[in-house]
Amino acid sequence: MRKAQWARRAAARRSPCPAARPWPRPTEGAQTAPAFYDAPESNGNGSSQHRAERATMGKIALQLKATLENITNLRPVGEDFRWYLKMKCGNCGEISDKWQYIRLMDSVALKGGRGSASMVQKCKLCARENSIEILSSTIKPYNAEDNENFKTIVEFECRGLEPVDFQPQAGFAAEGVESGTAFSDINLQEKDWTDYDEKAQESVGIYEVTHQFVKC
């Protein structure tokens, strides 16, 4: 009996480790961790593919909000209308300190025959070439039924340039709600505008103009 016990103890001491347990299989539908991490490749100057992807932003909409008094169909007029913007480089985050304007009538060719844009600009900080395009089919008027609500009045196709601020100036037009009286060359730089509708014999105005940008 004792010899048998000593034999079992000796065998246990010679065994390097207990039998390995099988790794439990993941339950159906569960996500498993990847076997390795595929780090983004560098382009040689410290930026990565992820940074390049951030620079391509897609469409960004400019939304307007205002209080309208006896007026409707507020809209930018003509291909020479100037959209005054401050823009940020999608690659390095540099924001322009001056107002810049873009117009429908302007068209600048992109490198490599990739079409054209309303503005093509090289970033002063990182030297990346960025562009922005006004999408003419998206320009919409701000009407009496939109009063005191945000509404998209234009969309931009952004390829590295992101608009972060907007300053409305001259070049807007509108008309009286009841009379249809035309009001041209409306300047919204002060965020308020007033006039008088002789035909309807009432005051008209645009007040508390504000804006926001949203991704489409």
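Residues numbered from 1 in each chain as written. Predicted model: local features only at pLDDT ≥ 70, side-chain atom pairs only at ≥ 80, totals over all residues. Heavy atoms only, no water.

Caption draft 1: Region of the structure containing the packing of aromatic side chains. Taken as a whole and assessed by the stated rule, the structure comprises six aromatic pairs. For the ring pair Phe81 and Trp83, a centre distance of 4.8 Å and an interplane angle of 70 degrees mean the geometry is edge-to-face. An identical accessibility class is assigned to Phe81 and Trp83; each is buried. Aromatic ring contacts, followed pair by pair, group Phe81, Trp83, Phe156, Phe166 and Phe172 into a single cluster. Here Arg82 stacks its cationic end above the ring of Tyr101, 4.2 Å away from the centre of that ring. When the ring centre of Trp99 is taken as origin, the NZ or CZ atom of Lys86, which lies over that ring, is 5.1 Å away. (Phe/Tyr/Trp six-rings, centres within 6.5 Å; stacked < 30°, edge-to-face > 60°. Buried < 20%, exposed > 50% of the residue type's maximum accessible area, 1.4 Å probe, protein only. Lys NZ or Arg CZ within 6 Å of the ring centre and 35° of its normal.)

Caption draft 2: Region of the structure containing the side chain of Gln63. Position of Gln63 among the secondary structure elements: in strand β1 (residues 56–69). A relative accessible area of 14% means that Gln63 is categorised as buried. Reaching out from Gln63, the side chain makes a polar contact with the side chain of Thr152 at a distance of 3.2 Å. A polar side-chain atom of Gln63 sits 2.6 Å from a polar atom in the side chain of Gln212. (Helix = DSSP H or I, 4+ residues; strand = E, 2+ residues; numbered from the N terminus. Polar contact = N/O pair within 3.5 Å; in protein donor to acceptor, adjacent residues only side chain to side chain.)

Caption draft 3: How the structure looks around a negative patch on the surface. The grouping of Glu148, Glu190, Asp192 and Glu208 at the surface amounts to a negative patch. Mapped onto the fold, Asp192 is located in the loop between β12 (182–186) and β13 (193–197). (Patch = residues over 30% accessible without salt bridge, like charges linked within 9 Å, V, L, I, M, F, W, Y side chains within 5 Å. Areas by Shrake-Rupley, 256 points an atom, 1.4 Å probe, with all protein chains shown as cover. Salt bridge = Lys/Arg side-chain N within 4 Å of Asp/Glu carboxyl O. Lys, Arg positive; Asp, Glu negative; His and termini not counted. Charge placed at Lys NZ, Arg CZ, Asp CG, Glu CD.)

Caption draft 4: Quick look at the state of the cysteines. The full count for this structure, using the stated rule, is zero disulfides. Note on Cys92: no disulfide assigned, nearest cysteine sulfur contributed by Cys123 at a separation of 3.6 Å. Classification of Cys92 by relative accessible area gives partly exposed; the value is 32%. Here Cys126 stays unpaired: no disulfide links it, and the sulfur of Cys89, its closest cysteine neighbor, is 3.8 Å away. (Disulfide = S-S within 2.5 Å.)

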